[in-house]
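Coordinates in review
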Amino acid sequence: MNNPFSKLSMNKKLALIAFILGLVAVFAGNPYRGNSVTIDTKDLALIVDKTVDHVSPEELADWIIQGKVDFKLLDLRAEKEFNEYHIPVAELVPLAELNEHPLLRNEKVVLYSEGGIHSAQAWMLLRAKGYKAVYMLFGGLEEWTDKILFPKIPQNATQEQLATFKKMKEVSKFFGGSPQTDTGKQEVASTKPMPKLEMPSGTSAPTAGKKKKKEGC
Amino acid sequence: MSSTSTEIQHGPKPYWNPYLSGIGLGLVLLLSYIIMGRGLGASGAFSTLVATGVSTIAPEHAKSNEFYNEYLSDTTKSPLKDWLVFEVLGVFVGGFISGALAGRIKKTVEKGPRISVSGRLFFAFIGGTMMGFGAKLARGCTSGQALTGGAVLNVGSWAFMLAVFGGAYMIAYFFRRQWK
Amino acid sequence: MNAPFYKYGLFGDDVSLVVAFIIGIGFGFFLERGGFGNGRKLAAQFYFNDLTVFKVMFTAIITAMIGIYYLSVIGWMDLSLVYLNPTYIVPQTIGGLLLGFGFVIGGYCPGTSCVSAATGKIDGMVYLLGIVFGIFIFGEIFPLVSNFYNSTPMGQITLSQLFNIPYGILVFAVVLMAIGGFAASEWAEKKLGNKIVGPEL
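Cut-offs applied
- Residues numbered from 1 in each chain as written.
- Chains lettered and ligands numbered in written order.
- Predicted model: local features only at pLDDT ≥ 70, side-chain atom pairs only at ≥ 80, totals over all residues.
- Helix = DSSP H or I, 4+ residues; strand = E, 2+ residues; numbered from the N terminus.
- Contact = placed C-beta atoms within 7 Å.
- Buried ≥ 20, exposed ≤ 12 C-beta atoms within 10 Å, placed from the backbone.
- Nonpolar A, V, L, I, M, F, W, Y, C, P; charged D, E, K, R; others polar.
- Pairing = 2+ DSSP bridges.
- Right-handed = clockwise from strand over helix to strand, strands pointing away.
- pLDDT = per-residue confidence, 0-100.
- Expected span 1.5 Å × (residues − 1).
- Axes fitted to C-alpha atoms, helices over the stretch in contact; angles between N-to-C directions.
- Parallel < 35°, antiparallel > 145°, perpendicular 65-115°, else oblique.
- Left-handed = near helix turned anticlockwise from the far one by under 90°.

1. So, the overall build of chain B
Across its full length, chain B carries nine helices and zero strands. By principal-axis analysis of the C-alpha atoms, chain B measures approximately 65 × 40 × 35 Å. Put simply, of all contacts in chain B between residues at least 6 apart along the chain, 57% involve residues at least 24 apart.

2. Remarks on the overall build of chain C
Each helix and strand counted, chain C has nine helices and two strands in total. Reading chain C from its N terminus to its C terminus gives the helix and strand order α-α-α-β-α-α-α-α-β-α-α. Seen along its three principal axes, the alpha-carbon backbone of chain C occupies a region of about 50 × 45 × 35 Å. A total of 201 residues make up chain C; the buried ones form 59% of that total. Sequence separation of at least 24 residues holds for 69% of the intrachain contacts in chain C that already meet a minimum separation of 6.

3. Quick look at the interface of chain B and chain C
Where the parts come together, the accessible area they lose is often given as the size of the interface. Counting from both sides, the interface comprises 114 residues of chain B and, opposite them, 111 residues of chain C. Only α1 (18–36), α2 (43–57), α4 (66–72), α5 (83–101), α6 (117–137), α7 (142–151), α8 (155–172) and α9 (176–179) of chain B provide two or more residues apiece to the side of chain B that touches chain C. The element that contributes the greatest number of residues to the side of chain B that touches chain C is α1(B), accounting for 18 residues. In terms of residue class, the side of chain B that touches chain C is made up of 67 nonpolar, 32 polar and 15 charged.

4. A short note on the interface of chain C and chain A
Counting from both sides, the interface comprises 23 residues of chain C and, opposite them, 20 residues of chain A. Of all the secondary-structure elements, those providing two or more residues to the side of chain C that touches chain A are α3 (52–73) and α9 (167–192) of chain C. At nine residues, α9(C) tops the list of elements feeding residues into the side of chain C that touches chain A. Of the residues assigned to the side of chain C that touches chain A, the class counts are 16 nonpolar, five polar and two charged.

5. Some points on the pairing of strand β4 (residues 108–112) of chain A
All names here are of chain A. Judged by how many residues are buried, β4 sits mostly within the fold: four of five residues are covered. Examined bridge by bridge, strand β2 (residues 71–75) and β4 share five bridges and lie parallel to one another. In the strand pairing of β4, Leu74 is matched with Leu111. In this sheet, strand β5 (residues 134–137) lies alongside β4 in parallel orientation, the contact comprising three bridges. Its bridge partner being in β5, Val109 is matched across the sheet by Val134. Viewed along the sheet, the connection from β4 through helix α6 (residues 117–128) into β5 turns out right-handed.

6. Points about the confidence of the model for chain B
All names here are of chain B. Chain-level pLDDT for chain B is 86 on average; 91% of the residues reach the 70-or-more range. No element of chain B has a lower mean pLDDT than α9, at 80, and none a higher one than α1, at 94. Contacts from residues 1–5, a stretch scored under 50 in pLDDT, to residues over four places away or in other chains number one contact.

7. What to know about α1(B)
All names here are of chain B. When the terminal C-alpha atoms of α1 are compared, their 26 Å separation across 19 residues agrees well with the 27 Å that a helix rising 1.5 Å per residue should span. Burial within α1 is extensive, with 16 of its 19 residues counted as buried. Directly beyond the C-terminal end of α1, a positive phi value near 75° is found at Gly37.

8. Focus on the packing of α5(B) against helix α5 (residues 110–118) of chain C
Two elements in contact, α5(B) and α5(C), have axes separated by 8 Å at closest approach and are oriented at 50°. In terms of orientation, α5(B) lies oblique with respect to α5(C). Note that α5(B) runs across α5(C); the crossing there is right-handed. Contacts between α5(B) and α5(C) involve B:Val88, B:Val91, B:Phe92, B:Gly95, B:Phe96 and B:Gly99 on the former and, on the latter, C:Gly111, C:Cys114, C:Val115 and C:Ala118. Here the contact of α5(B) with α5(C) is composed, by residue class, of seven nonpolar, three polar and no charged.

9. Description of the environment of A:Gln121
As for its placement among the helices and strands, A:Gln121 is situated in helix α6. Taking the C-alpha atoms as reference points, A:Gln121 and A:Trp63, separated by 58 residues in sequence, lie 24 Å from one another.

10. Considering the environment of B:Gly166
Along the chain, B:Gly166 falls in helix α8. C-beta crowding within 10 Å serves as the criterion here: with 13 such atoms nearby, B:Gly166 is assigned to the partly exposed category.

11. A look at the sheet that holds β5(A)
Residue and element names in this part refer to chain A. Here we have five strands laid out as an open sheet, ordered β1-β5-β4-β2-β3, and parallel in their pairing. What marks the edges here is a single partner per strand, and that holds for β1 (54–55) and β3 (90–92). Together, β4 and β5 form the strand contacts of α6, whose direction differs from that of β5 by roughly 180°.

12. Some thoughts on unusual backbone geometry
Glycine aside, a negative phi is what most residues show, and trans is what most peptide bonds show. For A:Val89, which is not glycine, the phi torsion reads 65° and is therefore positive. Relative to the helices and strands, A:Val89 resides in the loop between α5 (79–84) and β3. A count of 22 C-beta atoms within 10 Å places A:Val89 in the buried class. Phi at B:Leu153 is positive, roughly 60°, even though this residue is not glycine. With respect to the secondary-structure elements, B:Leu153 resides in the loop between α7 and α8.

Structural data, given as structure tokens:
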């Protein structure tokens, strides 16, 4: 029995194929993924185990000083807190809005919040969505304040410690902080004023060179 | 007409079945979406060209102009290192290859019998000017908006497509002497 | 498979330029195959003599549309990462009309004029010059038109979102419309004749 399909002309064959594909499309469903994700839990656990899930405040400070533009720094707190102080070059993306925030998949993303909880949650969220280069700021803003803005050196420091501290002093001043000498007295955190929100000199705004790539025609 | 299969065909070959060309084109477009997440385009490359040209001659003017500035924004590298510019270069090459394979490369002017060469060239220039202007207004041309946007059901693209066909049919009568 | 590859960081900007070039070659190749380097053939669409423009365009659109749809549905492609040109309905419609005029008067569109110029057609080359000039004019008077240019924005919106019809059903509708259009085109060409089958043929 001759195959009726092969009797059709080429054009009619193509039309039939197109018609069938179109018809199936009616039932095939929604092409958008929406908010569902697949998580490889073993993979994630491995990443945490190898501690490649975070960056230290020192590393971040270094990147900012060097004027690197290959990463995005996201501040997950509320607007009010952001306005009081935020790490230079950070963008405000409250945790609730993170899901909707557009992020390029080939960009490094560093997350920070006050301590570590929100940034950990955000890290989980982005990882689940498949972003590969996501990192938390180790210790969050607290650690940043402690280590970078107001680094302490004990009164009886060794030569080695003094040498390291010298560099920390420079870094701290760069960000408008003030290095301290640890007198052992318990200092109330609120007595230390946070640096003014000026961009440290020498850091160009990340917008230059990071212009949104045109994709129109 | 000789029907021996060994006969060498002289002269230009006839064009392909339009549906096959269309499928070929569609697959290229699909590939672009799969690899880059974006479609094709053409007018954008020319915009970059114009903006770069203006910027070379009068850089201050170019920077202060919102339109040119958009195509020059990245000062860290040459604005000509643009996706569309490279794509359009490819279009020239691809068109040439296809034409060469089919023996269709020839220095000529495509026109109807009732118009002179200079008349045709005059209209080609005018038509190109309108097209360039219109393409910028519409943020794209037939390649970028109609084909690319059409494939992803973009509202603006479909409206654009209808307008293009509508506009063309509207005035076709008045320019028939150029073609027929 | 995670598509679009570029958006997943599979390669960088420099490689993407090479990709652009190769894709462009494919684009130009098939445009010329279909005869779009020939202004007479392109214009013939609008005299109902030769409806190749419609056939090629819409075959390409439904091919890509079907491909994108199915790849997304089976999860190989993330449709939300695919670029959608923002819609500005009024300037795009007016621009489209102008473009239609330019198409008939000039005989080409930007992509096809490149192909035409590449195969030696002088009118294609002149057309390209016209495009550059037209864009230049646009750029120069931009402050005057910028309000119109930015008017009636609708954001990035698909037909599916606009009419609240499921994407799949629209795919089917577009396919039906295209097939119907093709059938009508074949009929019209038979009736009115005068197809341009090849250069000087």
